[in-house]
Amino acid sequence: MNIYVLQAFLDGVLMGGIYALAALGLSLIFGVLKITNFAHGAMMTMGMYAVYAISVGMGIGPYAALPLAMAMMFGLGFLIQRVLINSIDHAPAYNQLLLTLGVAYILENVLLMVFTPNYRTLTVDAFQKAIHIGPLTVAPARLIMFAVVLAVTAGFYMLLYKTRVGRSIRASAQDEEGARLMGIHVKRIRAAAFGLGAVCTGIAGGLLTPVMSIYPTLGESFQLKCFVIAVLGGMGNLWGAFLSGIFIGVIESLSGYFLGGTWSEMLIYGAFILILLVRPTGIFGRGNRRES
Amino acid sequence: MKMKKWGRLVLLAALSFILAGCGGEDSQTIRIGSVHPLTGSMAYEGQAIVNAQQIAVDRVNSEGGINGKPLELVESDSLGTSSGAANAALKLTNSGVAALTGTYTSSSAQVVSRTAEKAGIPLVVTVASSDNLLSNGYRYTFRIQPSVSVFSRNFLEYFDYFKTDGMETVALIYENSNYGTGIAEYIAEHIEEIGLEVVGMISYPATAATLSAEVTRLEAMNPDLLVPIGYYADQTLLMKEILERDIHFGRIVGCANGAFSDVKFLETYGTQVDGIYDINYRYNPNSEETQYMLEAYREAYGEEIPVHAVYGYQSIMVLADAMERCDDPEDPGQLRDALAQTELHSHVLPQGVIRFDETGENINSAGVLVEIRDGRHVVVYPEEYADDRNE
């Protein structure tokens, strides 16, 4: 195979990891709360600015800023769920959807006011100079990005399947009433799930901060991609979201290589529609048994 | 600083409400409307134009205004959308402004141009580059800035000043809207006339989250000349990925590039981007008026004037010049005729006399060729507009 194609494939996998992580948050929120979070892209931008502000304000590197940014994002997500979404718990789904859309606009405009529309760029030169791996080149920042994505996904898996909290989350996702009867504090679990979803966006956004210029409306371009990935992976399916993210990243990169970025979006959404027609539960979805 | 800005915004909003209500018939000032994006994703760019306009207004007033009557700039937020621009323009024309200026994007300029024509009020376009803006046969629209085809023509005209020995192949990478595609297609169509072979044309959406595949593709094409055309965020992303992978192209020359001629771009990359060229907006550094403008902008806003905002300053000066030649500067018909007869020798632009053709186009408009040298912008061509930064 042409070495450049291999390079494009590698870049696609690495970028796909970021999409996967952000989509995982969306999938988790959908799994537990049964709502599509349209503030997901804006929350991701919030995560970027959190890392940017902490990094510049405290004079530390973006990776060192990440834990604090994660804590802030968890708090933000927890609050949004507890104060806003929770209070219209029994409203029709479209109202909850519009509510998250409203949250998106509010977050974006808060960023506009605080940080102005100016473009911001972090420079961490040491991590940005590409190293050579055989005939391929890759910046350490992108390898770190992927390593963190893997670790976080594995961490989420452990949390969901090996801990008491995880069991509570899964129980609430499967049968809210049953979980409540079993003594699970469902309201708190729902807020925690939203908080964890926000943490995913915070990490994904934070990891992108060293490799992008950020501005307040940046998240919009990630919103729809996350949605596509979460659906392809089967909403609520952790590893499905992960694999779909890589899949979309590779499609984007290879089509960008062969045809240019204008075609990438067309192919991503083309593939999405096609898969929905052939397999409505997504490539990795197990069907809708649990939700019916 | 932040509080001051908010205070000003609130005051402005209040003011525009009051003014909108009372009509400008016997006001004490000559009012000029300004339609630019002041909120939304283009707020930074729009605000800079308005800031530059205010400096021009202050200058005219400090010299006694027009026949003793001071100018007043009335801002209205276009929100960066066509519908927002239409509302803003309508509000301003209803409140009785003598002229309109605007708008930063071509789609907004189209609708404001129509409003101005209907109301019979002159519009001086600050920034909007679309070629077909002046093709409607309107009589009231005038444009100072170089259009898409002027920039593209300049690119080919200045070729001798950025070519390297043995330059044979060229690849273009451009954002896929009207602006990027328009310039890229024009250059691709005509560059073979000067002996270059186009080996690749790659378009991408300005909202792209990554351009690494496109950069890999460019690496594979290995062109002697790379021509990037796009907005600030996507072009910084492109350069970031080129620098990250340490790929070297024979030469990189932008055309009306949203990043390369921006001061922020240099603040981010410093000398890492030395050797990049761009054909873009600029001022004439040898004009006394330019020195005044640079100085005044720095003093008022604490930063260098962004190059696109220069056209905001000039729009007011062109209007002031035409008003001086009117018996009644607030008569829109008279003002239009005076604008059409403009013959402005003293101005801040890197071009000859400012004069409009019958469609309202500034016939001598031109961009300049800028090189990034030691982390600074240096004008390479035309030589008469080179800065004193040049050796």
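Residues numbered from 1 in each chain as written. Chains lettered and ligands numbered in written order. Predicted model: local features only at pLDDT ≥ 70, side-chain atom pairs only at ≥ 80, totals over all residues.

1. What to know about the overall build of chain B
Counted only if it meets this: Counting from the N terminus, the helices are the DSSP runs of H or I reaching at least four residues and the strands are the DSSP runs of E reaching at least two. Any residue whose C-beta has 12 or fewer other C-beta atoms within 10 Å is treated as exposed, any with 20 or more as buried, and any in between as partly exposed, C-beta atoms being built from the backbone. We call two residues in contact when the distance between their C-beta atoms, placed using the backbone, is within 7 Å.
Each helix and strand in chain B was counted, giving twelve helices and twelve strands. Judged by the C-alpha coordinates and their principal axes, chain B covers about 65 × 40 × 40 Å. Counting every position in chain B, which comprises 391 residues, the buried fraction comes to 51%. Here the contacts in chain B between residues at least 6 apart in sequence split such that 68% fall between residues at least 24 apart.

2. Section: the sheet that holds strand β6 (residues 169-175) of chain B
Residue and element names in this part refer to chain B. Operational definition: A pair of strands is labelled paired if DSSP reports no fewer than 2 bridges between them. To get an axis, a line is fitted to the C-alpha atoms, and for a helix only the part in contact is used. The angle between two axes follows their N-to-C directions and goes from 0 to 180 degrees.
If you trace the seven strands from one edge of the open sheet to the other, you get β7-β6-β8-β9-β10-β11-β12, paired in mixed fashion. Either end of the sheet is taken by a strand with one partner, and the two such strands are β7 (197-204) and β12 (376-381). Taken over all neighbouring pairs, the strand axes of this sheet differ in orientation by 25° on average, direction set aside. As judged from the two bridges shared by strand β8 (residues 225-229) and strand β9 (residues 251-255), these two strands associate in the parallel manner.

3. Some thoughts on the sheet that holds strand β3 (residues 99-102) of chain B
Residue and element names in this part refer to chain B. Overall, parallel pairing links the five strands, which are arranged β2-β1-β3-β4-β5 in an open sheet. The open sheet has two free edges, formed respectively by β2 (71-77) and β5 (141-143), since each of these has just one partner strand. Going across the sheet, the axis of each strand differs from the next one's by a mean of 25°, ignoring polarity. By the bridge criterion, seven bridges tie strand β1 (residues 30-36) to β2 in an arrangement that is parallel. Counted as the bridge partner of S34 is E75 from β2.

4. Let's talk about helix α7 (residues 164-174) of chain A
Residues and elements named next belong to chain A. Put simply, the rule reads: What the arc measures is the spread of directions leading from the helix axis to the C-beta atoms.
Taken as a whole, α7 has its buried residues at S168, I169, S172 and A173. Take α7 and look down its axis: the buried residues cluster within an arc of 135°, on one side only. Among the structural elements, α1 (3-33), α6 (140-162), α8 (176-181) and α9 (186-208) are those in contact with the buried residues of α7.

5. So, the environment of A:M44
All names here are of chain A. With respect to the helices and strands, the residue M44 is situated in helix α2 (residues 40-58). C-beta crowding within 10 Å serves as the criterion here: with 31 such atoms nearby, M44 is assigned to the buried category. Leave out the neighbours within four places in its chain, and M44 touches A22, T201, A204, G205, G219 and F222.

6. Considerations on unusual backbone geometry
All names here are of chain B. Between G102 and T103 the backbone carries a cis peptide bond, its omega angle lying at 5°. Here T103 shows up in the loop between β3 and α4 (106-119). Note the cis peptide between Y381 and P382, where omega equals -5°. Here P382 is to be found in the segment after β12.

7. Details of the pairing of β6(B)
Each regular strand shows side chains that alternate between the opposite faces of the sheet. Residues and elements named next belong to chain B. Burial analysis of β6 places six of its seven residues in the buried class, which makes it a mostly covered element. Both β6 and β7 contribute to a ladder of seven bridges, which runs parallel. Directly across from E175, in β7, lies its bridge partner Y204. Where β6 lies against β8, five bridges are found, and the strand directions are parallel. In the sheet register, V170 faces β8, and the bridge partner there is L225.

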